[in-house]
Amino acid sequence: MSRSVRIGVQLQPQHAPKYGLVRDAVRRAEDAGVDIVFNWDHFYPLYGDPEGAHFECWTMLAAVAEQTERVQLGALVTGGGYRNPDLLADMARTVDQISDGRLILGIGAGWFEKDYDQYGYEFGTAGSRLELLKEYLARITDRLAKLNPQPIRDIPILIGGGGEKKTLRLVAQYADIWHTFADLEVLKRKSGILADHCTAVGTDVATIEKSVDWPGADKADEFVAQGATLFTVGTGGPDYDLTVVKEAIAWRDKVTG
């Protein structure tokens with residue numbers, strides 16, 4: 001399957017004391033030519049002042065959907081245990097409708113213990129969170145099929161993570177996009193493991209897009225050679241500096257002609 005190279009920006013909803021700073025960053029990112037605007041699903045900053053300013057993921061996505069015209073949007077990624085999965089499916093359908101079919105439903109097992117402790121969720125273990133994600137993915141896909149009105153399109157599911165036995169199995173079963181933080185050699189090895197899982201569940205591995213963090217223009221071609229086509233640059237508030245994003249867009253435009 002031939003795919004176009006795409007550039008995403010993750011506008012991390014941290015350290016922006018006013019939402020207007022996020023709104024401005026979304027506008028600048030779309031104007032710059034990004035393909036996807038992501039945020040993340042946490043309740044506290046991941047770096048900098050741990051008690052700094054922070055906004056909620058899905059209400060932000062609804063605002064981004066209304067504000068933008070062209071870009072796709074989604075969370076990189078939603079915490080799998082933070083919301084009832086049937087409700088999450090309904091939220092995703094609604095945001096997809098608001099955006100006229102531009103939502104990507106990114107989801108993972110969750111890992112940031114402070115989120116769980118402060119908001120009253122059971123943190124459990126890595127294994128229990130993955131089991132919950134497995135249950136939730138089944139419920140999300142079932143609920144999406146029942147909603148009225150339906151989403152504008154079949155909402156692409158992005159699963160983030162690299163666990164070889166469980167996470168990659170879920171990617172093979174449910175994902176349209178696989179996001180990994182792996183370096184080049186690990187990406188190559190885990191791509192083979194994903195292919196094996198796809199064979200086991202009857203999925204064509206070529207239908208799953210590979211997504212990675214932006215490695216820089218000097219290394220990006222090597223990732224493309226290993227099948228990666230979605231590259232995302234992260235940036236946080238209050239400034240939301242898009243310098244590196246624009247470098248990635250220039251590289252994309254060069255390689256795509």
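Quick caveat, the model's predicted, so the values are computed rather than measured.

Asker: I'd like to hear about the overall build of the protein, residue by residue, with values.
Answerer: A tally of helices and strands in the protein yields 9 helices and 9 strands. The burial tally for the protein puts 52% of its 257 residues in the buried class. The contacts in the protein between residues at least 6 apart in sequence include a share of 74% that link residues at least 24 apart. Of the accessible surface of the protein, which amounts to about 11600 Å², a share of 50% is contributed by carbon and sulfur atoms. Here the protein contributes 28 positively and 37 negatively charged side chains, and the mean placements of these two sets differ by 2 Å.

Asker: Please provide a residue-by-residue account of the pattern of salt bridges, values included.
Answerer: Pairing is possible between side chains that carry opposite charge, provided their charged atoms lie close to one another. What the rule picks out here adds up to 16 salt bridges. Among the salt bridges present, the one from Arg 6 reaches Glu 209, with a minimum N-O distance of 2.6 Å. Of the two residues, Arg 6 is situated in strand S1 (residues 6-12) and Glu 209 in strand S8 (residues 209-213); the sequence distance between them amounts to 203 residues. Owing to a relative accessible area of 5%, Glu 209 belongs among the buried residues under this scheme. It is possible to trace a salt-bridge network through shared partners that takes in Asp 24, Arg 27, Arg 28 and Asp 31.

Asker: Outline the packing of aromatic side chains, supporting the account with residue identities and numerical values.
Answerer: Tallying each qualifying case throughout the model produces 14 aromatic pairs. Seen in terms of ring centroids, Phe 43 and Tyr 119 are 4.1 Å apart; in terms of plane orientation they differ by 20°. Their pairing is stacked. Of this pair, Phe 43 sits in the loop between strand S2 (36-39) and helix H2 (57-67) while Tyr 119 sits in helix H4 (residues 113-119), and the two are 76 residues apart along the sequence. Relative accessible area serves as the criterion here: at 11%, Phe 43 is assigned to the buried category. Looking at Tyr 119, the relative accessible area reads 44%, which means it is partly exposed. By way of ring pairs, the aromatic residues Phe 43, Tyr 44, Tyr 82, Tyr 116, Tyr 119, Tyr 121 and Phe 123 are connected into one cluster. Here the guanidinium or amino end of Lys 114 rests over the ring plane of Tyr 44, the centre of that ring lying 4.3 Å away. Positioned over the ring face of Phe 123 is Arg 129, at 4.1 Å from the centre of the ring.

Asker: So what's going on with the pairing of S1? Residues and values would help.
Answerer: The element S1 is largely enclosed, with a buried count of 7 among its 7 residues. Strand direction decides the pairing type here: S1 and strand S9 (residues 228-236), joined by 7 bridges, are parallel. Bridge pairing in S9 places Arg 6 opposite Leu 230. One ladder, built from 3 bridges, connects S1 with S2; its direction is parallel. Across the sheet, the residue bridging to Gly 8 is Ile 36, located in S2. You can see the chain leave S1, run along helix H1 (residues 19-32) and come back into S2, and the turn it takes is right-handed.

Reading the values: the criteria
- Residues numbered from 1 in each chain as written.
- Predicted model: local features only at pLDDT ≥ 70, side-chain atom pairs only at ≥ 80, totals over all residues.
- Heavy atoms only, no water.
- Helix = DSSP H or I, 4+ residues; strand = E, 2+ residues; numbered from the N terminus.
- Buried < 20%, exposed > 50% of the residue type's maximum accessible area, 1.4 Å probe, protein only.
- Contact = heavy atoms within 4.5 Å.
- Areas by Shrake-Rupley, 256 points an atom, 1.4 Å probe, with all protein chains shown as cover.
- Lys, Arg positive; Asp, Glu negative; His and termini not counted.
- Charge placed at Lys NZ, Arg CZ, Asp CG, Glu CD.
- Salt bridge = Lys/Arg side-chain N within 4 Å of Asp/Glu carboxyl O.
- Phe/Tyr/Trp six-rings, centres within 6.5 Å; stacked < 30°, edge-to-face > 60°.
- Lys NZ or Arg CZ within 6 Å of the ring centre and 35° of its normal.
- Pairing = 2+ DSSP bridges.
- Right-handed = clockwise from strand over helix to strand, strands pointing away.

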